[in-house]
Amino acid sequence: RELLDMEVKAKAWRVPWFERLVQPCLAELLGSALFIFTGVLAAVEGAGRLQPALAHGLALGSAVAILGDI
(Lines give C-alpha, C1' and ligand atoms only; values in the text may rest on other atoms or scores of the structure.)
Protein backbone atom coordinates (compact mmCIF):
# COMPACT_ATOMS: atom_id res chain seq x y z
CA ARG A 1 0.00 0.00 0.00
CA GLU A 2 1.37 3.40 -0.95
CA LEU A 3 1.31 6.20 1.66
CA LEU A 4 -0.12 9.58 0.83
CA ASP A 5 1.58 12.81 1.86
CA MET A 6 -1.04 13.40 4.54
CA GLU A 7 -0.34 10.05 6.16
CA VAL A 8 3.38 10.60 6.63
CA LYS A 9 4.04 11.85 10.14
CA ALA A 10 6.57 14.63 10.51
CA LYS A 11 9.32 14.24 13.06
CA ALA A 12 9.24 16.60 16.01
CA TRP A 13 11.83 19.36 15.77
CA ARG A 14 14.33 19.40 18.63
CA VAL A 15 16.42 22.33 19.71
CA PRO A 16 20.15 21.66 19.19
CA TRP A 17 22.13 20.89 22.33
CA PHE A 18 24.20 24.07 22.00
CA GLU A 19 21.13 26.33 22.12
CA ARG A 20 19.53 24.27 24.87
CA LEU A 21 22.50 23.81 27.23
CA VAL A 22 25.58 25.88 26.36
CA GLN A 23 24.10 29.17 25.19
CA PRO A 24 22.05 29.89 28.35
CA CYS A 25 25.04 29.07 30.55
CA LEU A 26 27.31 31.40 28.60
CA ALA A 27 24.69 34.15 28.70
CA GLU A 28 24.35 33.75 32.48
CA LEU A 29 28.12 33.84 32.91
CA LEU A 30 28.53 36.95 30.77
CA GLY A 31 25.61 38.77 32.41
CA SER A 32 26.82 37.96 35.93
CA ALA A 33 30.38 38.99 35.12
CA LEU A 34 29.21 42.30 33.66
CA PHE A 35 26.98 42.95 36.67
CA ILE A 36 29.63 42.11 39.27
CA PHE A 37 32.63 43.76 37.64
CA THR A 38 30.92 47.07 36.89
CA GLY A 39 29.53 47.23 40.41
CA VAL A 40 32.87 46.44 41.99
CA LEU A 41 34.70 48.97 39.83
CA ALA A 42 32.16 51.65 40.73
CA ALA A 43 32.45 50.84 44.44
CA VAL A 44 36.26 50.83 44.44
CA GLU A 45 36.40 54.55 43.65
CA GLY A 46 34.61 55.36 46.90
CA ALA A 47 32.33 57.99 45.38
CA GLY A 48 29.49 57.35 47.82
CA ARG A 49 26.37 55.24 47.49
CA LEU A 50 24.81 56.65 44.35
CA GLN A 51 27.49 55.77 41.82
CA PRO A 52 27.64 52.01 42.60
CA ALA A 53 23.85 51.86 42.65
CA LEU A 54 23.60 53.50 39.24
CA ALA A 55 26.39 51.30 37.87
CA HIS A 56 24.60 48.16 39.05
CA GLY A 57 21.32 49.36 37.61
CA LEU A 58 22.82 50.23 34.23
CA ALA A 59 24.76 46.95 34.10
CA LEU A 60 21.64 44.97 34.92
CA GLY A 61 19.57 46.87 32.37
CA SER A 62 22.12 46.42 29.61
CA ALA A 63 22.57 42.70 30.42
CA VAL A 64 18.82 42.14 30.24
CA ALA A 65 18.54 44.12 26.99
CA ILE A 66 21.40 42.25 25.34
CA LEU A 67 20.94 38.73 26.72
CA GLY A 68 17.22 38.71 27.51
CA ASP A 69 16.09 36.73 24.49
CA ILE A 70 18.42 33.85 25.35
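All values derive from a computational prediction rather than experimental measurement. (Residues numbered from 1 in each chain as written. Predicted model: local features only at pLDDT ≥ 70, side-chain atom pairs only at ≥ 80, totals over all residues. Heavy atoms only, no water.)

> Teacher, can you tell me more about the overall build of the protein chain here?
The helix and strand tally for the protein chain stands at two helices and zero strands. Burial analysis of the protein chain (70 residues in total) assigns 13% to the buried set. (Helix = DSSP H or I, 4+ residues; strand = E, 2+ residues; numbered from the N terminus. Buried < 20%, exposed > 50% of the residue type's maximum accessible area, 1.4 Å probe, protein only.)

> I would appreciate a short explanation of the UniProt feature "transmembrane region" (unreviewed entry) in the protein chain in the present structure.
According to UniProt, the feature "transmembrane region" (unreviewed entry) maps to residues 21–44 in the numbering used here. As a span, residues 21–44 carries 100% helix and 0% strand, and end to end its C-alpha atoms are 35 Å apart. (UniProt positions renumbered as here; feature names shortened; annotations may be inferred.)

> Looking at this structure, I do not really get the packing of helix α1 (residues 17–44) against helix α2 (residues 50–67). What am I missing?
In a pair of packed helices, the angle between the axes and the distance between the axes together describe the arrangement. Their axes nearest at 8 Å, the elements α1 and α2 cross at an angle of 160°. It follows that α1 is roughly antiparallel to α2 by the angle criterion. With respect to the hand of their crossing, α1 and α2 are arranged in right-handed fashion. For the pair α1 and α2, contact is made by A27, L30, G31, L34, F35, T38, G39, A42 and A43 and by Q51, P52, A55, H56, A59, L60, S62, A63 and L67, respectively. (Axes fitted to C-alpha atoms, helices over the stretch in contact; angles between N-to-C directions. Parallel < 35°, antiparallel > 145°, perpendicular 65-115°, else oblique. Left-handed = near helix turned anticlockwise from the far one by under 90°. Contact = heavy atoms within 4.5 Å.)

> Even after reading the chapter, I still don't get the environment of A43, so can you show me in this structure?
Within the element layout of this structure, A43 appears in helix α1. The partly exposed category is assigned to A43, whose relative accessible area is 44%.

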